[in-house]
Every structure is written in C-alpha cells, then in structure tokens.
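# A look at the structure
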Amino acid sequence: KRFLPKIDFVTSPGYLGSPQGRERAGLPADTGPYRVVTDLGLFDFPPKTRRMRLIALNPGITAQQVVNETGFKLDIARNLTDNPPPSAEELRILREEVDPQKIFSR
C-alpha cells in the first residue's frame, strides 16, 4: 500500500483526523496540505472534510488502481479528471536534468 492507514513517524502533520485537527494541536489556522502528487494521480483536501480526495488520474491509471494502493477509505471527486501526459520536453528535463542517475524515476 502506498497510503497506509497508520504510520510510524510523521515529519509534517496533515489535518490530524478532522478539519479542525491542526488548530487543536496548536498549529496555525488555515494551514495544512493543499495537494498531494503521486505517480498515480493528484489529490486535494476539501475544506469541509479535509479528507484526502483523488481529483485527477495520471495517464493509464484507473481509480480502482488508486483505491487498491490506498490503505484507507479514499474519497474520489465527482468530476474526476485525467492529467495530461508529460510533454517530450518535460520528460527530457526529468530524465536528463532532474534525475539523470534514475534514482527517483524509472
């Protein structure tokens, strides 16, 4: 599972289980994650629930694949969209400039 139901160590807290979780923990109001980007898709955190929600799929990925890789109930946007594939220039930059040793990419 890529997104686990429980983790051992948190370096930066999200919403701590509720929309007001950060404030209850003494963190500044109106802060927290905005988006999460993975090799499967793009996620947001709607203000009403602050639960991670799938909003866009990467090319060749299905919503079911994302659900299968998630260890908790995942919200899915009603208007789920598809992210465009990377352009040739974006791929070149990633492969040649960002990660030429292929440490982070395949």
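Just so it is clear, the structure is predicted and the values come from calculations on it, not from any experiment. (Residues numbered from 1 in each chain as written. Predicted model: local features only at pLDDT ≥ 70, side-chain atom pairs only at ≥ 80, totals over all residues. Heavy atoms only, no water.)

## Considering the overall build of the chain
Scanning the chain from terminus to terminus reveals three helices and four strands. When the helices and strands of the chain are listed from N to C terminus, the series reads α-β-β-β-α-β-α. For the chain, the spread of C-alpha atoms along the three principal axes comes to 45 × 30 × 25 Å. Expressed as a percentage of the 106 residues in the chain, the buried residues total 23%. Carbon and sulfur atoms make up 56% of the accessible area of the chain, which totals about 7900 Å². Averaged over its 16 positive side-chain charges, the chain has a centre that lies 9 Å from the centre of its 13 negative ones. (Helix = DSSP H or I, 4+ residues; strand = E, 2+ residues; numbered from the N terminus. Buried < 20%, exposed > 50% of the residue type's maximum accessible area, 1.4 Å probe, protein only. Areas by Shrake-Rupley, 256 points an atom, 1.4 Å probe, with all protein chains shown as cover. Lys, Arg positive; Asp, Glu negative; His and termini not counted. Charge placed at Lys NZ, Arg CZ, Asp CG, Glu CD.)

## So, the nonpolar core
Core analysis: the biggest nonpolar cluster contains eleven residues, these being Phe3, Tyr15, Leu40, Phe43, Phe45, Met52, Leu54, Leu57, Ile61, Val66 and Leu74. Those residues in contact with leucine 74, other than ones at most four positions away along the chain, are Phe43, Arg51, Met52, Leu54 and Val66. (Core = buried A, V, L, I, M, F, W, Y, C linked by side-chain atoms within 4.5 Å. Contact = heavy atoms within 4.5 Å.)

## Some thoughts on the pairing of strand β2 (residues 41-44)
The pairing of strand β1 (residues 35-37) with β2 spans three bridges and is classified as antiparallel. In the sheet register, arginine 35 faces β2, and the bridge partner there is aspartate 44. Taken together, β1 and the strand that follows it, β2, pair antiparallel across an intervening segment of three residues. (Pairing = 2+ DSSP bridges.)

## Remarks on the confidence of the model for the chain
Averaged over all residues, the pLDDT of the chain is 90; the fraction at 70 or higher stands at 97%. Element-level pLDDT for the chain is lowest in helix α1 (residues 21-24), with a mean of 90, against a maximum mean of 98 in strand β3 (residues 53-57). (pLDDT = per-residue confidence, 0-100.)

## Brief notes about the pairing of strand β4 (residues 75-82)
Two elements, β3 and β4, share four bridges in a ladder whose sense is parallel. Within the sheet, the bridge partner assigned to alanine 56 lies in β4 and is threonine 81.

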